[in-house]
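Structural features, examined
The lines below spell out each chain.
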Amino acid sequence: MNVLVITCSAQQQKSSSYNLAQTMLKQLASINTIEVEYFDATRLPHVDSLYADAVCTGHQPHDTNQGSLALSDRLIASLEFADVVIIASPMHNYFLPSSLKSWIDHVVRAGKTFEITATGKQALLNDKPVYILISSGGFFLNANATQPDFFTPYMKEVLGTIGLKNMHFFALEGTALSHNLVQPQIDKLKREICEHLVTHFS
């Protein structure tokens with residue numbers, strides 16, 4: 001099983017979302033043989049003029065060995081190759097961090113991962129499980145919500161555009177609180193993740 005892990009936190013391996021991703025990988029490895037590819041989205045550049053030209057001019061040939069167009073092709077290839085995708089990300093200002101938004105801009109690409117048709121956008125990728133692990137300093141779920149959530153609905157829409165609809169969200173809220181309050185939530189969420197994986201992959 002090929003697993004693509006996209007990390008989006010400036011805290012890197014110290015982040016809560018990265019820690020949750022490691023729990024996922026350990027559990028998956030206990031069920032199946034896995035090959036893991038990590039990608040650090042915080043190092044991504046924004047798309048450039050070559051990318052914009054390719055999107056605007058459709059299927060005309062382009063030099064895919066230069067600029068962000070080449071990088072976009074590599075990121076899409078990794079996404080296509082993966083059997084399972086794990087996105088480990090903080091929530092920034094009710095939304096995605098710029099690192100994750102940049103990754104999305106590279107892989108959600110007209111003529112490559114979706115087609116523009118007379119009836120709307122048509123996805124070109126095969127569906128696969130996508131696990132989105134969110135860490136948030138505040139609370140955005142259910143009755144405890146104290147802030148809006150633009151992250152989850154956007155991810156559902158934008159990844160659905162390219163064919164990824166089998167999405168599973170696990171959120172760690174209140175990370176700005178003291179460690180003794182956060183740790184029980186981390187432990188609970190890890191148990192939920194492991195139980196889910198055993199059910200879906202055993």
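Rules behind the numbers
Residues numbered from 1 in each chain as written. Predicted model: local features only at pLDDT ≥ 70, side-chain atom pairs only at ≥ 80, totals over all residues. Heavy atoms only, no water. Helix = DSSP H or I, 4+ residues; strand = E, 2+ residues; numbered from the N terminus. Rg over C-alpha atoms; globule rule 2.2 N^0.38 Å. Buried < 20%, exposed > 50% of the residue type's maximum accessible area, 1.4 Å probe, protein only. Areas by Shrake-Rupley, 256 points an atom, 1.4 Å probe, with all protein chains shown as cover. Lys, Arg positive; Asp, Glu negative; His and termini not counted. Charge placed at Lys NZ, Arg CZ, Asp CG, Glu CD. Contact = heavy atoms within 4.5 Å. Core = buried A, V, L, I, M, F, W, Y, C linked by side-chain atoms within 4.5 Å. 1 Å grid on protein atoms, 1.4 Å probe; cavity = no way out; pocket = protein on both sides within 12 Å on 5 of 7 lines; lining within 4 Å. Points joined across faces, edges and corners; volume = space filled by probe spheres on them. Nonpolar A, V, L, I, M, F, W, Y, C, P; charged D, E, K, R; others polar. Phe/Tyr/Trp six-rings, centres within 6.5 Å; stacked < 30°, edge-to-face > 60°.

1. Regarding the overall build of the protein chain
Scanning the protein chain from N- to C-terminus turns up 6 helices and 7 strands. Along the protein chain, from the amino end to the carboxyl end, the secondary structure elements read β-α-β-α-α-β-α-β-β-β-α-β-α. Computed over C-alpha atoms, the radius of gyration of the protein chain comes to 18 Å, within 12% of the 17 Å expected from 2.2 N^0.38 for 202 residues, which places it in the range of a compact globule. Looking at the 202 residues of the protein chain, the share that counts as buried comes to 45%. As displayed, the protein chain offers around 10500 Å² of accessible surface, 50% of which is attributable to carbon and sulfur atoms. For the protein chain, the separation between the mean place of its 14 positive charges and that of its 18 negative charges on side chains is 5 Å.

2. Observations concerning the side chain of S89
For S89, the location among the structural elements is in strand β3 (residues 84-90). Assessed through its relative accessible area of 0%, S89 is described here as buried. If we skip the residues at most four places from it in the chain, S89 touches C8, S17, P97, L100, L133, I134, S135 and F151.

3. Focus: the nonpolar core
Ranked by size, the top nonpolar core spans 33 residues in total, and within it L79, I87, L100, W103, I132, M155 and L159 carry the most contacts. Among the secondary structure elements, those contributing two or more residues to this core are β1 (2-7), α3 (67-81), β3, α4 (98-107), β6 (130-135) and α5 (151-161). Look past the residues within four positions of L159 in its chain and what remains in contact with it is I87, W103, V130, I132, L164 and M167. If you look at the next biggest cluster of nonpolar residues, it comprises 21 residues, including V5, A21, M24 and F170.

4. Considerations on the layout of surface pockets
Taken as a whole, the largest pocket spans an internal volume of roughly 330 Å³. Taken together, 15 residues make up the lining of the largest pocket; nearest its centre are L141, A171, E173, Q185 and K188. At the level of secondary structure, the elements contributing two or more residues to the lining of the largest pocket comprise β7 (167-172) and α6 (179-201). For the lining of the largest pocket, the element with the most residues is α6, which contributes 6 residues. Classifying every residue of the lining of the largest pocket by side-chain character gives 8 nonpolar, 4 polar and 3 charged.

5. Side note on empty space enclosed by the protein
All told, the structure shown has 1 cavity of 30 Å³ or more when counted by the stated rule. Here the largest cavity defines a volume of roughly 30 Å³. Lining the largest cavity we find T7, C8, S9, Q12, S15, S17, Y18 and A88.

6. A closer look at the packing of aromatic side chains
If you walk through the whole model with that rule in mind, you get 4 aromatic pairs. On the basis of an interplanar angle of 25° and a centroid distance of 6.3 Å, the ring pair of Y18 and Y38 is categorised as stacked. Of this pair, Y18 sits in helix α1 (residues 16-31) while Y38 sits in strand β2 (residues 35-40), and the two are 20 residues apart along the sequence. When the ring of Y131 is compared with that of F170, the centres are 6.5 Å apart and the planes differ by 20°; the resulting orientation is stacked. Of this pair, Y131 sits in strand β6 while F170 sits in strand β7, placing them 39 residues apart in sequence. Taking relative accessible area as the criterion, F170 reaches 11% and is therefore assigned buried.

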